Amino acid sequence: MIHSSAKIHPTALVEEGAIIGEDVVIGPFCIVEGSVEIKARTVLKSHVVVRGDTVIGEDNEIYQFATIGEVNQDLKYKGEATKTIVGNANRIREHVTIHRGTIQGGGVTRIGNNNLLMINVHVAHDCKIKNNCILANNATLAGHVELDDFVIVGGMSAIHQFVVVGAHVMLGGGSMVSQDVPPYVMAQGNHARPFGVNLEGLKRRGFDKPTMHAIRNVYKMIYRSGKTLEEIIPEIEQIAETDSAISFFTDFFKRSTRGIIR
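Predicted model only: the values in this text are computed from it and were never measured.

Before going further, it helps to spend a moment on the domain arrangement of the protein chain. Splitting the protein chain by domain gives domain 1 (7–129) and domain 2 (167–261). Computed from C-alpha atoms alone, the centre-to-centre distance between domain 1 and domain 2 is 32 Å.

Attention now moves to the pairing of strand β11 (residues 67–70). On a regular strand, one side chain projects to one face of the sheet and the next to the other, so that they alternate. Two strands pair when backbone bridges link them, and strand β8 (residues 49–50) and β11 are joined in this way by two bridges, in the parallel orientation. Its bridge partner lying in β11, Val50 is registered against Ile68. With three bridges connecting them, β11 and strand β14 (residues 97–99) associate as parallel partners. Across the sheet, Ile68 pairs through a bridge with Ile98, a residue of β14.

Moving on to the sheet that holds β8. Spatially, the nine strands line up as an open sheet ordered β2-β5-β8-β11-β14-β17-β20-β23-β26, and their pairing is parallel. Two strands in the sheet have a free side with no partner beyond their single neighbour: β2 (13–14) and β26 (176–177). Of the pairings in the sheet, the one linking β14 to strand β17 (residues 122–123) comprises two bridges and is parallel in character. The residue of β17 that forms the bridge with Ile98 is Val123.

Turning our attention to the sheet that holds strand β13 (residues 91–92). Reading across the sheet, the 11 strands line up as β1-β4-β7-β10-β13-β16-β19-β22-β25-β27-β28 and stay open at both edges, with mixed pairing between neighbours. In this open sheet, the two edge strands, each paired with only one partner strand, are β1 (7–8) and β28 (192–197). Where β13 meets strand β16 (residues 116–117), two bridges bridge the pair, whose relative direction is parallel. Bridge pairing links Arg91 to Leu116 in β16. Along the sheet face, helix α2 (residues 209–224) touches β27 (185–189) and β28 and points at about 145° away from the line of β28.

The UniProt record annotates "domain: UDP N-acetylglucosamine O-acyltransferase C-terminal" (unreviewed entry) at residues 180–261. Here residues 180–261 runs as 52% helix and 13% strand, with 6 Å between its end C-alpha atoms.

A separate point is the pattern of salt bridges. Per the stated rule, a full pass over the model turns up 14 salt bridges. Where Glu58 meets Arg41, a salt bridge forms, and the shortest distance between an N and an O atom there is 3.1 Å. Note that Glu58 is positioned in the loop between β9 (53–56) and β10 (61–62) and Arg41 in the loop between β6 (37–38) and β7 (43–44), a separation of 17 residues in sequence. Take Glu58: its relative accessible area is 31%, and that puts it in the partly exposed class.

What follows is about the UniProt feature "domain: Mannose-1-phosphate guanyltransferase C-terminal" (unreviewed entry) in the protein chain. Listed under "domain: Mannose-1-phosphate guanyltransferase C-terminal" (unreviewed entry) in the UniProt record, and renumbered for this structure, are residues 2–103. The span residues 2–103 carries 0% helix and 34% strand; its end-to-end C-alpha distance comes to 30 Å.

Turning to a positive patch on the surface, a few remarks are in order. On the surface, Lys203, Lys209, Arg216, Lys220 and Arg224 cluster together into a patch of positive charge. By the element assignment, Arg216 lies in helix α2.

Interhelical geometry of α2 versus helix α3 (residues 229–240) gives an angle of 170° and a closest axis separation of 10 Å. Relative to α3, the element α2 lies roughly antiparallel. The residues of α3 that touch α2, namely those facing Val218, Met221 and Ile222, are Leu229, Ile232, Glu235, Ile236 and Ile239. In terms of residue class, the contact of α2 with α3 is made up of seven nonpolar, no polar and one charged.

Cut-offs used in this document
Residues numbered from 1 in each chain as written. Predicted model: local features only at pLDDT ≥ 70, side-chain atom pairs only at ≥ 80, totals over all residues. Heavy atoms only, no water. Domains from an automatic or database assignment. Pairing = 2+ DSSP bridges. Helix = DSSP H or I, 4+ residues; strand = E, 2+ residues; numbered from the N terminus. Contact = heavy atoms within 4.5 Å. Axes fitted to C-alpha atoms, helices over the stretch in contact; angles between N-to-C directions. UniProt positions renumbered as here; feature names shortened; annotations may be inferred. Salt bridge = Lys/Arg side-chain N within 4 Å of Asp/Glu carboxyl O. Buried < 20%, exposed > 50% of the residue type's maximum accessible area, 1.4 Å probe, protein only. Patch = residues over 30% accessible without salt bridge, like charges linked within 9 Å, V, L, I, M, F, W, Y side chains within 5 Å. Areas by Shrake-Rupley, 256 points an atom, 1.4 Å probe, with all protein chains shown as cover. Lys, Arg positive; Asp, Glu negative; His and termini not counted. Charge placed at Lys NZ, Arg CZ, Asp CG, Glu CD. Parallel < 35°, antiparallel > 145°, perpendicular 65-115°, else oblique. Nonpolar A, V, L, I, M, F, W, Y, C, P; charged D, E, K, R; others polar.

This is how it looks when you write it as structure tokens:
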């Protein structure tokens, strides 16, 4: 079903069964296959390929030669019915690849809202990117990676499969991330190491001084107290009861399975 207000270039191929919403623009030489749904005001510039069971939300800009919902590169994948879901108001730049999920990983690759994926970014199967993230040129996410809100991944960086990156993290360019990264941390290197709290990012997002002070204290507990995580986590949970910003740490540690960067 194609909405009457949608603009589809004569050279684009839109298969029967696709759902194209109000004021969607599908530019030259795009391919939209099968059970794809593209919602209102999303723009496919040109040469964009969207395949599989894929839903793309409203107000997205998708640039030339991007591929969304393609068969993933997991050798276990045998064509099972899995999904790709993209939220609203994302900018997906040239040559970005976003692959569909696997049964083993929950079946969905999911992108949230207001994210910027720069040129040549790769998002592998079963990744979950939340909201307001920036992935710079040539950043690569292996399968099952999770990025929480406001994560920045520097150019030429790679993140190992199953890694969890907490909210408001800043990963410097060229980082190789093989373990989980706690919220609010700045990290860089091969392998990535912590270099303090992302204070500049927090200032830009309106965090006040007492909150930033509390976050820095938790960082010191994790990295400078000499205690184990088993000793520290109950203390962090107690602080989080009165400071909502610290609850990002408690949520992170519930999901962290690979150990944290050191």
